[in-house]
Amino acid sequence: MAEESTITARAEDDKIRCDACPVMCYIRPGLTGACDRYANRDGELIRVDPHIVLDRTLAQGGKVVPFDRGGDWDGRLVAGGEAFVTAVGSGTTYPDYKPAPFIVSAEVNGVDMVTVVTEGIFSYAGAKVKIDTDRFIGPEQAAVRVDGEAVGHVTTSEYGSQMLSLGGVHHLTGGSKKEGRVTCEALLELCNGKAVELAIDGGATLVVQAGKAPIVNGAAEARMRVGCGSATIGMFAKQWHGKVDEVVVVDDHITGVLSEHQAGKLLGIRDTGIRMKGRRSTPGRYFQVAEPGLGWGGTNISDPLSILGAFDAKLAWPGLRLLLVSTTGEHYGYYVLDEHLVPVETEVPADLYPSVERIRENCEPALSSVLFMAGAGGSLRAGVTENPVRLTRSVKDSITRVTCGGAPVYVWPGGGITFMVDVTHVPENGFGYVPTPALVAPIEFTLPLAAYEALGGHMDHVRPAASVIEREAVREMAPFSDIPWPLSARSQG
Ligand code: SF4
């Protein structure tokens with residue numbers, strides 16, 4: 001349990017009023033407010049969850065792990081560059097002109113630094129979700145639903161991955177009350193690393209969980225594709241040379257044909273008279289050979305011969321050897337033309353099979369990735385400085401570093417402080433919500449103390465980091481080992 005909140009709590013009978021967000025809950029003793037983040041403990045308003053401090057002197061595991069001080073803890077107060085006060089569990093101040101809950105100073109490499117720490121309330125918030133699969137999950141712009149409510153949409157796919165854009169202010173506040181509530185819940189679950197089931201209009205049902213394999217229509221995806229069909233031809237052409245006469249790599253976007261492809265030409269592979277369906281792009285590259293779907297290479301086909309026309313009798317020959325394979329190596333078939341130039345399926349020769357295996361080997365494990373994206377707009381910045389635009393400029397000038405629960409963020413160019421963070425780098429359950437509805441996310445601004453003073457910071461609220469770390473409410477954790485330490489010079493920017 002966290003110590004008393006720094007925010008104002010007013011007694012009314014035996015209830016106290018929380019003013020950490022616009023909901024302004026009255027909370028009875030022993031109960032929590034609407035967001036479960038604040039509670040009334042014996043008449044005191046407290047932040048329920050522990051306040052997370054990362055301490056890099058603790059043994060590092062692969063993940064952030066709690067540190068049990070135990071009975072023999074020597075009471076040391078690690079500060080300076082070795083401890084980082086995150087915003088997870090720090091609380092929120094509202095309205096925004098109030099200084100952030102914690103503004104802490106520490107000397108880092110001989111420089112006095114300050115970190116401004118708050119749990120920001122974000123109405124303009126959402127998640128960009130990358131799903132490593134070739135399978136068709138739904139048309140671009142199709143609504144993504146949870147419990148029948150639209151929570152986002154399918155957006156443009158990326159190389160080997162399907163993309164979703166979830167949340168955002170329109171779903172949180174612009175639709176029905178239920179749409180806002182369901183959107184907020186889904187975002188919270190996703191950002192806190194939980195699995196969420198999503199249904200796409202005209203498409204698939206997905207189970208998405210950050211850092212885990214996506215489940216598409218009940219089947220766990222194992223691999224992402226090695227590349228598009230054309231790229232696959234380019235990568236493996238030499239390994240097929242001499243072992244087979246023609247290869248077609250089936251792909252929903254760009255299907256590749258070895259004999260026509262530049263890779264085949266350079267290797268001197270002769271024309272085979274193959275005729276492909278679909279729209280021919282540059283040599284050996286075909287678009288739209290089939291409809292998108294859950295079959296071969298993200299198309300809707302289960303019979304690969306269905307995308308082939310009749311072979312040109314002037315060029316093809318009986319005995320021509322043909323390999324058809326998908327971009328993951330998951331589907332493959334080997335055929336030999338009979339005397340009528342009709343492909344007849346037969347067993348894949350032993351010396352050709354390793355190339356199919358090689359495609360599979362080069363397919364990385366399929367994962368779902370969730371990036372939380374939000375804008376620290378005009379208001380939240382007032383908790384840092386009396387002149388908010390100076391904070392924005394300081395971030396753009398790389399003087400102030402922004403982190404989310406200690407995790408590095410990408411700050412978008414242009415106006416405002418619009419950032420993205422990989423949720424798997426944020427300490428567990430680092431995200432919360434308020435029923436306005438809006439997401440609550442940790443955010444820290446770290447900059448030299450002198451720069452903080454120059455941008456109009458709340459200097460009378462600066463206190464030593466050690467005074468925060470020694471509080472009962474704090475839980476020390478080892479930081480993630482695979483991301484930069486938030487106070488190190490190399491993560492600046
Ligand atoms: S929703 Fe939570 S933060 Fe908002 S007033 Fe209620 S208890 Fe406080």
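This text goes with the structure placed above it.
To keep things clear, this report deals only with the structure shown in the data block. (Residues numbered from 1 in each chain as written. Predicted model: local features only at pLDDT ≥ 70, side-chain atom pairs only at ≥ 80, totals over all residues. Heavy atoms only, no water.)

Focus on helix 2 (residues 177-191)
Between its first and last C-alpha, helix 2 extends 21 Å over 15 residues, near the 21 Å set by a 1.5 Å rise per residue. Among the residues of helix 2, those classed as buried are Glu179, Gly180, Val182, Thr183, Cys184, Ala186, Leu187, Leu188, Leu190 and Cys191. Phi for Gly193, located one or two positions after helix 2, is positive at around 80°. (Helix = DSSP H or I, 4+ residues; strand = E, 2+ residues; numbered from the N terminus. Expected span 1.5 Å × (residues − 1). Buried < 20%, exposed > 50% of the residue type's maximum accessible area, 1.4 Å probe, protein only.)

Considering the sheet that holds strand 14 (residues 161-167)
Strand order in the open sheet formed by eleven strands is 18-17-16-15-12-13-14-11-26-30-29, and the pairing between neighbours is antiparallel. Edge positions in the open sheet fall to strand 18 (219-220) and strand 29 (410-411), since each of these has one partner strand only. In this sheet, strand 30 (residues 418-422) lies alongside strand 29 in antiparallel orientation, the contact comprising two bridges. Residue Val411 lies in a different strand from strand 30, and its bridge partner there is Phe419. Sitting on the sheet, helix 2 is in contact with strand 11 (125-131), strand 12 (143-146), strand 13 (149-158), strand 14, strand 15 (196-200), strand 16 (205-208) and strand 26 (368-375), with an inclination near 50° to strand 13. (Pairing = 2+ DSSP bridges. Contact = heavy atoms within 4.5 Å. Axes fitted to C-alpha atoms, helices over the stretch in contact; angles between N-to-C directions.)

Considering the site of the ligand
Near the ligand, the surroundings consist of Cys18, Ala20, Cys21, Met24, Cys25, Gly33, Ala34, Cys35, Arg37, Tyr38 and Pro435. Its residues assigned to classes, the shell around the ligand shows nine nonpolar, one polar and one charged. (Near = heavy atom within 4 Å. Nonpolar A, V, L, I, M, F, W, Y, C, P; charged D, E, K, R; others polar.)

Section: the pairing of strand 4 (residues 38-41)
Sheet analysis places strand 4 next to strand 5 (residues 44-47), joined by four bridges and oriented antiparallel. Across the sheet, Arg41 pairs through a bridge with Glu44, a residue of strand 5. Count of turn residues in the strand 4/strand 5 antiparallel hairpin: two residues, of which Asp42 carries a positive phi of about 50°.

Quick word on the pairing of strand 14
The buried count for strand 14 comes to seven of seven residues, which makes it a mostly enclosed element. Of the strand pairs in this sheet, strand 11 and strand 14 are connected by six bridges, and their pairing is antiparallel. What sits directly across from Lys130, in strand 14, is Met163. As defined by bridge partners, strand 13 adjoins strand 14 across five bridges and the pair is classed as antiparallel. For Gly152, the partnering residue across the bridge sits in strand 14 and is Leu166. Linking two consecutive strands that pair antiparallel, namely strand 13 and strand 14, is a turn of two residues; a positive phi of about 80° is found at Gly160 within it.

So, the sheet that holds strand 24 (residues 332-337)
Taken in spatial order, the seven strands line up as 21-22-20-19-23-24-25 in an open sheet, and their pairing is mixed. Edge positions in the sheet fall to strand 21 (279-280) and strand 25 (343-346), since each has one partner strand and no second. Strand contacts of helix 5 (residues 353-361): strand 23 (321-326) and strand 24, with the helix running at about 15° to strand 23, the strand carrying the most contacts.

Re the pattern of salt bridges
Counted by the stated rule, this structure contains 19 salt bridges. Here Asp245 and Arg321 are joined by a salt bridge, their closest N and O atoms 3.1 Å apart. Of this pair, Asp245 sits in the loop between helix 3 (229-240) and strand 19 (246-250) while Arg321 sits in strand 23, and the two are 76 residues apart along the sequence. With a shortest N-O distance of 4.0 Å, Asp312 and Arg275 are connected by a salt bridge. With Asp312 in the loop between strand 22 (285-287) and strand 23 and Arg275 in the loop between helix 4 (262-266) and strand 21, this residue pair connects regions lying 37 residues apart in the sequence. Under the relative-accessibility criterion, Asp312 is labelled buried at 17%. Residues participating in the shared-partner salt-bridge network are Arg37, Arg47, Asp49 and Glu119. (Salt bridge = Lys/Arg side-chain N within 4 Å of Asp/Glu carboxyl O.)

Some thoughts on the side chain of Thr272
Inspection of the secondary structure puts Thr272 in the loop between helix 4 and strand 21. Residue classification places Thr272 among the buried residues on the basis of a relative accessible area of 1%. With residues near it in sequence (within four places) discarded, Thr272 still touches Asp245, Glu246, Ser259, Phe311, Leu315, Ala316, Trp317 and Leu320.

As for the nonpolar core
If you look at the biggest cluster of nonpolar residues, it comprises 60 residues, and the most contacted ones within it are Phe122, Leu164, Leu206 and Phe372. A total of seven residues in this core trace back to one element, the largest contributor, which is helix 2. In this structure, Phe372 is in contact with Phe122, Ala125, Gly126, Cys191, Phe419, Met420, Val421, Val423, Phe431, Leu439 and Ala441, ignoring residues within four places of it in sequence. Residues Ala316, Trp317, Tyr335 and Leu341 belong to the second largest nonpolar core, which totals 21 residues. (Core = buried A, V, L, I, M, F, W, Y, C linked by side-chain atoms within 4.5 Å.)

Regarding unusual backbone geometry
With an omega dihedral of -5°, the bond running from Tyr94 to Pro95 counts as a cis peptide bond. Within the secondary structure layout, Pro95 lies in the loop between strand 8 (83-85) and strand 9 (102-108). Unusually for a residue other than glycine, Gln141 sits at a positive phi of about 80°. Of note, Gln141 is situated in the loop between strand 11 and strand 12. Since its relative accessible area comes to 69%, Gln141 is described here as exposed. Here Asn429, not a glycine, exhibits a phi torsion of approximately 55°, which is positive.

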